[in-house]
Amino acid sequence: MERKIGIVGAGVSGLLACKYILSKGFHPIVFESQSSIGGVWTKALETTKLQTPKPFYQFSDFAWPLSVTEYFPDKHVVLDYIEAYAKHFHLLNHIKFNTKVAGIEYEGFQDEEIQSWSLWGGTGEPFSSRGKWKLIVEDLNTLSTEVGIYMHIYQVDFVIFCVGRFSGLPNIPEFPPNKGPEAFHGKVIHSMEYAAMDDEKAAEFIKGKRVIVVGFQKSALDIAMECCAANGKYNLFKLTLRIHPYLFLLSIWFAGVENPCTVLYRTAHWHLPDYFKRGFSLAYMYFNRFSELMVHKPGEGFLLGLLATILTPLRWAYSKFVESDIKRKFHLAKHGMIPTHSFLHELSSCLTSTVPEKFYDKVEDGEIKLKKAPSFSFCDNGVMVEDETAPIEAEVVILATGFKGEKKLKDMFVSQTFQNFIAGSPDTATPLYRECIQPRIPQLAVIGYSESNANLYTSEIRCRWLAELLDGTFKLPSIEEMEKDVRKWDEYLKQYSGGYYRRKCIGALHVWYNDQLCKDMGWNPRRKKGLFAEFFEPYGPLDYVPS
């Protein structure tokens, strides 16, 4: 009997899941709420570029076209690549567009029985003769307002969540009464709403306005640069040149910015100017086995633990080397933007990103103003920053404050029991074995939720691991053993990511993590040729092509 696999989301992870599920003879049904594939790439800002170097962001069996020469292609090129992959492997026929999964419900077992299990699903098997998932799906193509007319029910043998954590449910900061957006006479939107605008509408929305961007991650930096493009000196120069050449020269001499963009940030970060530090590639410094010997790993033995301790000074030196290069190139001391944490902490939290070209030049020119704000509130004409007496005036505030990925995942379940399982305890990250399986939720996997510094590459090996699990190549250990492993990873996350442990980043232990998946599947985890290459060359997607 053909097994039906429900896949929620047709972003990169959903497409990979579909491809590898098909390769094992299963029947995938992909539910995508948008009208096209690509996930977050379909709603990216116009200026968005790939943050991972192209060689590390590619499908193992589908190379980038030779015509793509940029190291960090823009969003249009990335989308073209993803669409070409889907067409090449005939995935589009398995996708139901404009269909939103409103909730899922497990049928066949009572909660009491599920909670008594010692093996995943009761038997340790990925499928069950009794248990099925019911997917409640909303048809977004149906315009009828009659209740229930647009809802459909699908029953599947297994569910794969590929919903990601950077879309869908925006994270809006909480404010004291009468000090939130309602107190502001201007416009407050989330970066998700801004990114959803077409390019012309977005430019018009910020043109000629004083804008405050809240946040200091990639979206915030890109939005600030778009504000400069709409309101900066370049536009003033163009206008004066049209009026009179002498006026143009005077505008250069007396140039000021009528509507600078203010970026409110809580924490400074080690954003990268590029992936080359004083002639050394960052990949050779952090994305190989040798670099991971310097880090304590979940489940490591005594000798590896001792080696990581001995190499602590080298680990410190690596961080200082990268930090010094960033400080030098961006003049961070001049701008008061030197982070208090190490670069390794940044990498271990998946917070690294490349700074848009000439961002700090715009800061120098006054087109972008950086303002540290541990907390802020709204007033009628702008925002009030903690310990400041005067407000920062604005007409538009854009909240680039992230998303509530945990809540989005939790809300997918109808059952309160499963909601509690997926959420875990308040002081732990979402408990996923191998970052894919919740040990107490049967017949379900999560792909693409935890982060790495090369998410496509990570999602692909996870999908291959899951396909082998569903095909019976290996079995999962007991629930107790899986939960023990989850706790070890949680301890690692707290040690190296600190307050960002909920991001579940494996960025500094990518090879070690992949090793665990390889061993489960019966693959040799050592993928390089020769001892030197094995320890000192970077690992990437092409190292996991089947031999």
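So, here's what we can say about the structure.

Scoring rules and cut-offs
Every chain begins its residue count from 1, and numbering advances along the sequence as written. Side-chain atom pairs in this predicted model are given and counted only at pLDDT of 80 or more, local residue features only at pLDDT of at least 70, and totals for whole chains, interfaces and linings cover all residues. Processing note: side-chain calculations cover all non-hydrogen atoms of the structure and skip hydrogens and water entirely. Paired strands, as defined in this entry, are two strands with at least two bridges between them according to DSSP. Only DSSP runs of H or I with at least four residues qualify as helices, and only runs of E with at least two residues qualify as strands; both kinds are numbered from the N terminus onward. Excluding any residue in a salt bridge, patches collect residues exceeding 30% relative accessible area, merging like charges within 9 Å and nonpolar Val, Leu, Ile, Met, Phe, Trp and Tyr side chains within 5 Å. Here, Shrake-Rupley sampling with a 1.4 Å probe gives the accessible areas, and only protein chains in the shown set may cover a residue. Here a salt bridge means any side-chain nitrogen of Lys or Arg lying within 4 Å of a carboxyl oxygen belonging to Asp or Glu. Only four residue types enter the tally: Lys and Arg on the positive side, Asp and Glu on the negative side, with His and both chain ends excluded. Every charge is mapped onto a representative atom, which is NZ of Lys, CZ of Arg, CG of Asp or CD of Glu. In plain terms, two cysteine sulfur atoms within 2.5 Å form what is called a disulfide here. Exposure categories follow from relative accessible area, calculated using a 1.4 Å probe and restricted to protein chains: below 20% of the type maximum is buried, above 50% is exposed, and the middle band is partly exposed. As used in this structure description, the phrase polar contact means that two N or O atoms lie within 3.5 Å; if the pair is within protein, one of them must be able to donate a hydrogen and the other to accept it, and residues adjacent in sequence are counted only when both atoms belong to side chains. We call two residues in contact whenever any of their non-hydrogen atoms come within 4.5 Å of each other. Expected helix span is taken as 1.5 Å per residue step, with the number of steps being one fewer than the number of residues. As used here, the arc belongs to the directions running from the helix axis to the C-beta atoms. Orientation is described by axes fitted as lines to C-alpha atoms, over the contacting stretch for helices, and by angles from 0 to 180 degrees between their N-to-C directions. Should an angle lie under 35 degrees it is considered roughly parallel, over 145 roughly antiparallel, and from 65 to 115 roughly perpendicular; all remaining angles are considered oblique. Take the far helix as your reference; a near helix turned counterclockwise from it by less than a right angle gives a left-handed crossing, and one turned clockwise gives a right-handed crossing. Residues belong to a common nonpolar core when they are buried Ala, Val, Leu, Ile, Met, Phe, Trp, Tyr or Cys residues joined through side-chain atoms within 4.5 Å. Here a Phe, Tyr or Trp ring, Trp counted by its six-membered ring, pairs with any other such ring whose centre lies within 6.5 Å, and the pair is stacked when the planes are under 30 degrees apart, edge-to-face when over 60, and tilted otherwise. Remark: a charge is flagged as sitting over a ring if the NZ atom of Lys or the CZ atom of Arg is within 6 Å of the ring centre and within 35 degrees of the ring normal.

### Re the sheet that holds strand E7 (residues 158–161)
- The sheet built from five strands is open, its strands ordered E3-E2-E1-E7-E18 with parallel pairing. A single partner strand is all that each edge strand has here, and the edge strands are strand E3 (95–96) and strand E18 (444–446).

### Observations regarding a negative patch on the surface
- A grouping of Glu46, Asp198, Asp199 and Glu200 is seen on the molecular surface, where their side chains present a negatively charged patch.
- When you line up the elements, Glu200 lands in helix H5 (residues 199–206).

### A look at the state of the cysteines
- Under the defined criterion, the tally for this structure stands at one disulfide.
- Paired by a disulfide, Cys350 and Cys505 hold their sulfur atoms 2.1 Å apart. Across the disulfide from Cys350 to Cys505, rotation about the S-S bond amounts to roughly 70°, and the bridge is consequently right-handed. With Cys350 in the loop between helix H14 (343–348) and helix H15 (359–365) and Cys505 in the loop between helix H19 (479–497) and helix H20 (510–521), this residue pair connects regions lying 155 residues apart in the sequence.

### With respect to a nonpolar patch on the surface
- Taken together, Phe302, Leu303, Leu306 and Ile310 make up a surface patch of nonpolar side chains, about 470 Å² in accessible area.
- You can see Leu303 is positioned in helix H11 (residues 302–310).
- Under the relative-accessibility criterion, Leu303 is labelled exposed at 65%.

### Points about unusual backbone geometry
- Not every positive phi belongs to a glycine, and Asn98 is a case in point at roughly 55°.
- Counting through the fold element by element, Asn98 comes out in the loop between E3 and strand E4 (99–107).
- A positive phi angle is found at Glu435, which is not glycine, with a value near 60°.
- On the secondary structure map, Glu435 appears in the loop between helix H17 (416–423) and E18.
- Taking relative accessible area as the criterion, Glu435 reaches 3% and is therefore assigned buried.

### Thoughts on the sheet that holds strand E14 (residues 376–379)
- Taking strand neighbours across the sheet as the criterion, the three strands line up as E14-E15-E16 in an open arrangement whose pairing is antiparallel. Unpaired on one side and paired on the other, E14 and strand E16 (392–393) mark the two borders of the sheet.
- Pairing geometry for strand E15 (residues 382–385) and E16, over two bridges, is antiparallel. By the bridge assignment for E16, Gly382 is matched with Glu393.

### Examining the side chain of Arg165
- Relative to the assigned elements, Arg165 resides in the loop between E7 and strand E8 (187–190).
- No salt bridge is formed by the buried Arg165, whose closest oppositely charged neighbour, Glu451, lies at an N-O distance of 4.2 Å.
- A polar contact is formed between the side chain of Arg165 and the backbone oxygen of Arg502, at a distance of 3.2 Å.
- Looking at Arg165, its side chain comes within polar contact range of the main-chain oxygen of Arg503, at 3.4 Å.
- When near neighbours in sequence (up to four residues on either side) are disregarded, Arg165 contacts Phe403, Gly405, Lys408, Tyr449, Glu451, Arg502 and Arg503.

### A few points about H19
- Between the first and last C-alpha of H19 there are 26 Å, a value that for 19 residues agrees with the 27 Å anticipated at 1.5 Å per step.
- Those residues of H19 lying buried are Ile479, Met482, Asp485, Val486, Trp489, Asp490, Tyr492, Leu493, Tyr496 and Ser497. Mapping the buried residues of H19 onto a view down its axis gives an arc of 160°, with all of them on the same face. Among the exposed residues of H19, those pointing more than 90 degrees away from its buried face are Glu480, Glu481, Glu491 and Gln495.
- Its buried side turned inward, H19 meets helix H12 (312–330), H14 and H20.
- Once H19 ends, the next one or two residues include Gly498, with phi positive near 60°.

### Examining the packing of helix H18 (residues 455–470) against H20
- Direction vectors running N to C along H18 and H20 enclose 20°, while the axes themselves pass 10 Å from each other. When the axis of H18 is compared with that of H20, the two are roughly parallel. Taken as a pair, H18 and H20 cross one another with a handedness that is left-handed. Only His510, Tyr513, Asn514, Leu517, Cys518, Asp520 and Met521 of H20 make contact with H18, whose side of the interface consists of Tyr457, Thr458, Ile461, Arg462, Arg464, Trp465 and Glu468.

### With respect to the pattern of salt bridges
- Taken as a whole, this structure holds 32 salt bridges when the rule is applied.
- Residue Arg434 pairs with Asp520 through a salt bridge whose shortest N-O separation is 2.8 Å. Of this pair, Arg434 sits in the loop between H17 and E18 while Asp520 sits in helix H20; the two residues are 86 residues apart in sequence, bridging distant segments of the chain.

### Some details on the nonpolar core
- Among the nonpolar cores identified, the biggest contains 152 residues, and Trp133, Ile160, Phe161, Tyr194, Tyr286, Phe359 and Trp465 are the most heavily contacted of them.
- Sort the elements by how many residues they give to this core and H18 lands first, with nine residues.

### Looking at the packing of aromatic side chains
- By the definition in use, this model includes 41 aromatic pairs.
- For the pair Phe376 and Phe378, a centre-to-centre distance of 5.8 Å together with 65° between the ring planes defines the contact as edge-to-face.
- The exposure class of Phe376 is buried, given its relative accessible area of 15%.
- On the accessibility criterion, Phe378 (3% relative accessible area) is buried.
- Residues Phe418 and Phe421 carry aromatic rings whose centres are separated by 6.1 Å and whose planes lie at 40° to one another, so their mutual orientation is tilted. Taken as a pair, Phe418 and Phe421 lie in helix H17 at a separation of three residues, close to a single helical turn. Neither residue differs from the other here; Phe418 and Phe421 are each classed as buried.
- Pairwise contacts between aromatic rings join Tyr106, Phe109, Trp117, Trp133, Phe161, Phe413, Phe418 and Phe421 into one cluster.
- The side chain of Lys19 reaches across the aromatic face of Phe89, ending 4.7 Å from its centre.
- Across the ring face of Tyr501, the terminal group of Lys494 is positioned such that the distance to the ring centre comes to 5.2 Å.

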